[in-house]
Amino acid sequence: MSKKILFVILDGVGDRVLNGRTPLEVAVKPNMDFIAKNGVQGIVDVISPGVIPGSDTAHLSLMGYDPYKSYTGRGPLEAMGAGIEVKPGDIGFRVNFATVDENWIIKDRRAGRIKDARPLAEALDGMEIDGVKIILKATVEHRGALVLRGEGLSDKITDADPHEVGKPVLEVKPLDDTPEAKRTAEIVNKFIRKSYEILKDHPLNKEREKQGLPPANIVLPRGPGKVPHLQSFEDKWGIKGIFIAGVALLKGLGRFAGLPAPDLEGATGGYDTNPMVKIERALKFLYEEDGDIAFINFKATDVAGHDMNFEKKVEMIEKADKMFEMVLDKKDLVIAITGDHSTPVTKGDHSGDPVPLVLYAPNIRTDGTLHFSEREAAMGGLGRIRGFDIMPMLMDLSDKAHKFGA
Ligand code: ZN
Ligand code: ZN
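If you're wondering where the values come from, they're calculated on a predicted model, not measured in any experiment.

### Notes on the coordination of the zinc ion (ligand 1)
For the zinc ion (ligand 1), every protein donor is listed as Asp11 (OD), Ser55 (OG), Asp340 (OD) and His341 (NE2), and the spread of their distances is 1.8 to 2.0 Å. Relative to the metal, the 4 donor atoms surrounding the zinc ion (ligand 1) lie at angles of 101 to 124°, and the coordination shape comes out tetrahedral. Between the donor residues of the zinc ion (ligand 1), the gaps in sequence give the motif D-x43-S-x284-D-H. Between the zinc ion (ligand 1) and the zinc ion (ligand 2) the interatomic distance comes to 4.5 Å. Within this pair, whereas Asp11 is found in the loop between β1 (4-10) and α1 (23-26), its partner His341 is found in the loop between β11 (333-338) and β12 (355-360), the two being separated by 330 residues in sequence.

In structure tokens:
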């Protein structure tokens, strides 16, 4: 009988040494260490050696896709994660609700981190510009996602967001000579103008101005990308999966691959996240809903890396460790724990350092390593592999793979 698979991605977990040790080496994590001691470890170049992965491209690779073929930018993923039903051919963007003065000079890129921009998005959502449908959804705080739907569109255009206070909003320009790029740039410029005209007088902004808060009076799109055709995960591997994540970008990625990516209460993607709701959902999917593989992304380790906070990263690793208490007694479960990339606290951003991987399955060959860490993983029995090597190994360990040849 084939086994179930639990694939946990501790976002940005890999690190470099500070005072001789990495956060993984300092963290007290008895469950992950138990899995390491009874499993086999290796070190993973998630995309390829030295390539610095984004979370999105890294997860594609971990799911067995070639990110160089399947990745078309962050915009469409954010849109999908925001709950917009994107279609192949749509152009997706990330957007900010921002504050500008009457000359369109940026006063606040985040409009005072406005709590709820949904009424503003609703005032713009659904309009048409030159026969193209505008779909706009607010997500968290000042963030949102924009989709253009229509004929003859291109993602080869520049951003409107100058990324700096005191600078003017940028005119969107085509990046190539095609009529599609020119037309799309024009439509986005018209949309930005419309957003200002409508939002500057919106009652919510009038109210904010009365309270001395910056009005969210313009929408700035960036990171355009064409919605790709991605073979569904179930077609690709012939198994039934779920993708559990707290942040919209990764939920969007899961949904692109055709996997359900549920919105779970308490799974925030931040330091306050509750990983237990994720593991409970994963186990329910595997054992009550006849699922084959559950992906879980745990984002807080990456957040601590970006915050350059060593202690916080240790604390988040220890928090994630609690999840595995729920699975140690399972006799028919294959477990993979890895990262999507390193986010060293000494750098404050992603790096190309490979990440540790541990695989655990009933009767798996062990390798003599005792703790889950970068250093011990590098001495482990799996050696040094690529991100896309993991799925075939999980298929084999769970007895779902087929023989190659006779
Ligand atoms: Zn990541
Ligand atoms: Zn990150």
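### Overview of the packing of aromatic side chains
For the structure shown, the criterion picks out 4 aromatic pairs. Seen in terms of ring centroids, Phe243 and Phe295 are 5.8 Å apart; in terms of plane orientation they differ by 35°. Their pairing is tilted. With Phe243 in strand β9 (residues 241-244) and Phe295 in strand β10 (residues 293-298), the pair connects residues that are 52 residues apart, well separated along the chain. Classification of Phe243 by relative accessible area gives buried; the value is 1%. The rings of Phe7, Phe233, Phe243 and Phe295 are connected pair by pair, giving a single aromatic cluster. Over the face of the ring belonging to Tyr287 we find Lys330, whose NZ or CZ atom lies 5.3 Å from the ring centre.

Rules of the game
- Residues numbered from 1 in each chain as written.
- Chains lettered and ligands numbered in written order.
- Predicted model: local features only at pLDDT ≥ 70, side-chain atom pairs only at ≥ 80, totals over all residues.
- Heavy atoms only, no water.
- Donors = N, O, S within 2.8 Å, 3.2 Å for Na, K, Ca; no water.
- Tetrahedral: all angles 85-135°; square planar, octahedral: opposite > 155°, others 65-115°.
- Helix = DSSP H or I, 4+ residues; strand = E, 2+ residues; numbered from the N terminus.
- Phe/Tyr/Trp six-rings, centres within 6.5 Å; stacked < 30°, edge-to-face > 60°.
- Buried < 20%, exposed > 50% of the residue type's maximum accessible area, 1.4 Å probe, protein only.
- Lys NZ or Arg CZ within 6 Å of the ring centre and 35° of its normal.

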